[in-house]
Amino acid sequence: MTKTQYAIVTLGSHSALQILRGAKDEGFKTLVVTLRNREEFYKRFKFIDQIETIDSFAEFPQLEKKLIKQKTILIPHGSFVAYLGIEKNKTMKVDYFGNKKVLDWEEDRNKQTQWLKTADIRMPEQYKSIKGAKFPVIVKSFGAAGGTGYFLAKNSRDFNQKVKSIGKKKYVIQRYITGATLYIHYFYSPITEKLEIMSMDRRYETNADGLGRIPAWIQQEVEIQPSYVVIGNSNLVLRESMLPEAYEMRERIVAASKKLINQRGIFGPFCLETIITPEMKFYAIEISARIVAGTNLFTHGSAYSWLNYDEPMSTGRRIAREIKMAIKKNKLKEILD
Ligand code: AMP
Ligand code: AMP
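Not measured: the values here are computed from a predicted model.

**Let's talk about the packing of helix 1 (residues 16–25) against helix 11 (residues 315–328)**
- Orientation of helix 1 relative to helix 11, taken along the N-to-C sense of each, is 45 degrees, at an axis distance of 7 Å. For the element pair helix 1 / helix 11, the angle class is oblique. Here helix 1 and helix 11 pass one another in a crossing that is right-handed. Of the residues in helix 11, those touching helix 1 at Gln 18, Ile 19, Gly 22, Ala 23 and Asp 25 are Thr 315, Gly 316, Arg 317 and Ala 320.
- Class assignment of the residues belonging to the contact of helix 1 with helix 11 gives a composition of three nonpolar, four polar and two charged.

Below, the structure is given as structure tokens:
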């Protein structure tokens, strides 16, 4: 079996360009499944060998037979759960890079908390009720995607007023951590059993990040509610003395996943979303169990990947490299679901 017999496929959005460019660099045939109105866009890139179009992302499963025939390996990214839903991800029959059991643990906020706590990762305090909460708090409704459906409250009265907007949806109340946000992109290889930091990013969340451009006296007057909708990402390197902790956290996350989820645990790319306080403490707010779009900053590698590789190594390319290694060692089954 040679690597060229396989094709790498993903949905046309999120981090598809990076994934497919990386797959091409590693010698794979590349395929994108995209919405009809984005076909012209994806045609611009010569590293994409084949384009399949659909009218809505929900139609993706209809292409499965064709993809299986072509021996494709699917790389999931943020759009898969966002647009197909967790159940369709689970029932997909195309070879899927990753462990699907992790999806349940990523989706359920309580399970995520259990996972991070088992890994001994510091998290913002979570309150069962607003009584006794330390303000400000951030309130997150379940199923809120991309930071919409969140609100900040400065005291109980403020909370009681705003919580009405959520209706009957479940939500969590967390202490708002004031600090620097940092999203750390990891990669764990079950083939080499090595963990790497691939890169890091900061998100630009509008209008939360835009609010600082308005003087406080105007903010007070017009009462703009912050929204955390991501529109892009920027680069950041971490103070070197804080790097050892960043490395240790990921080891504990992988170990905890093997204990809680199943033997395979989490592998491939994942991201820990953190906020760092003035005391230089990391607080984890979420874990993303797949490639995150912040890695798009590093199509040509990052300050961190350059420490491990003598060639540009994006997360997309690292995924393809893992598949290539697994094929060579006859261990492909170990990394697919
Ligand atoms: P998209 O393919 O852009 O529609 O995004 C799919 C999912 O990934 C959505 O839930 C987005 O909120 C998330 N996402 C997309 N781009 C980014 C980004 N640059 N940083 C963080 N999350 C993102
Ligand atoms: P999440 O959906 O949990 O990734 O949160 C979206 C954004 O809300 C994050 O990127 C942060 O900017 C902000 N955020 C979430 N939780 C907290 C928190 N406990 N303290 C401060 N900011 C937070």
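**As for the site of ligand 2**
- Every one of the 16 residues lining ligand 2 counts as a neighbour, but Tyr 150, Tyr 183, Glu 205, Glu 273 and Glu 286 are closest to it.
- Measuring from a nitrogen atom of ligand 2, one finds a backbone N or O atom of Arg 175 at 3.0 Å.
- Compared with its free state, where it exposes 480 Å², ligand 2 has 95% of that area covered by protein.
- Elements supplying a minimum of two residues to the shell around ligand 2: strand 7 (137–141), strand 9 (171–175), strand 11 (194–207), strand 13 (268–276) and strand 14 (282–288).
- Per-class residue counts for the shell around ligand 2 are nine nonpolar, one polar and six charged.

**Concerning the side chain of Ser 314**
- The topology assignment puts Ser 314 in the loop between helix 10 (305–308) and helix 11.
- From its side chain, Ser 314 meets the backbone nitrogen of Arg 317 in a polar contact 2.9 Å long.
- Those residues in contact with Ser 314, other than ones at most four positions away along the chain, are Gln 18, Met 198, Phe 298, Thr 299 and Gly 301.

**As for the pairing of strand 7**
- For strand 7, the buried fraction is high: five of the five residues fall into the buried class.
- Note that strand 7 and strand 8 (residues 150–153) share four bridges and pair antiparallel. Looking at strand 8, one finds that Val 137 is bridged to Ala 153.
- Note: strand 7 against strand 9, five bridges, orientation antiparallel. Looking at the pairing, Val 139 lines up with Ile 173 of strand 9.

**Some thoughts on the site of ligand 1**
- Taken together, the neighbourhood of ligand 1 is formed by 11 residues, with Ser 13, His 14, Ser 79, Tyr 83 and Asn 233 sitting nearest.
- In the model, a nitrogen atom of ligand 1 is placed 2.6 Å from a nitrogen or oxygen of the Asn 233 side chain.
- Mapped by element, the contributors of at least two residues to the shell around ligand 1 are helix 4 (78–91) and strand 12 (228–235).
- For the shell around ligand 1, a count of residues per class yields four nonpolar, six polar and one charged.

Reading guide: rules and limits
- Residues numbered from 1 in each chain as written.
- Chains lettered and ligands numbered in written order.
- Predicted model: local features only at pLDDT ≥ 70, side-chain atom pairs only at ≥ 80, totals over all residues.
- Heavy atoms only, no water.
- Axes fitted to C-alpha atoms, helices over the stretch in contact; angles between N-to-C directions.
- Helix = DSSP H or I, 4+ residues; strand = E, 2+ residues; numbered from the N terminus.
- Parallel < 35°, antiparallel > 145°, perpendicular 65-115°, else oblique.
- Left-handed = near helix turned anticlockwise from the far one by under 90°.
- Contact = heavy atoms within 4.5 Å.
- Nonpolar A, V, L, I, M, F, W, Y, C, P; charged D, E, K, R; others polar.
- Near = heavy atom within 4 Å.
- Polar contact = N/O pair within 3.5 Å; in protein donor to acceptor, adjacent residues only side chain to side chain.
- Areas by Shrake-Rupley, 256 points an atom, 1.4 Å probe, with all protein chains shown as cover.
- Buried < 20%, exposed > 50% of the residue type's maximum accessible area, 1.4 Å probe, protein only.
- Pairing = 2+ DSSP bridges.

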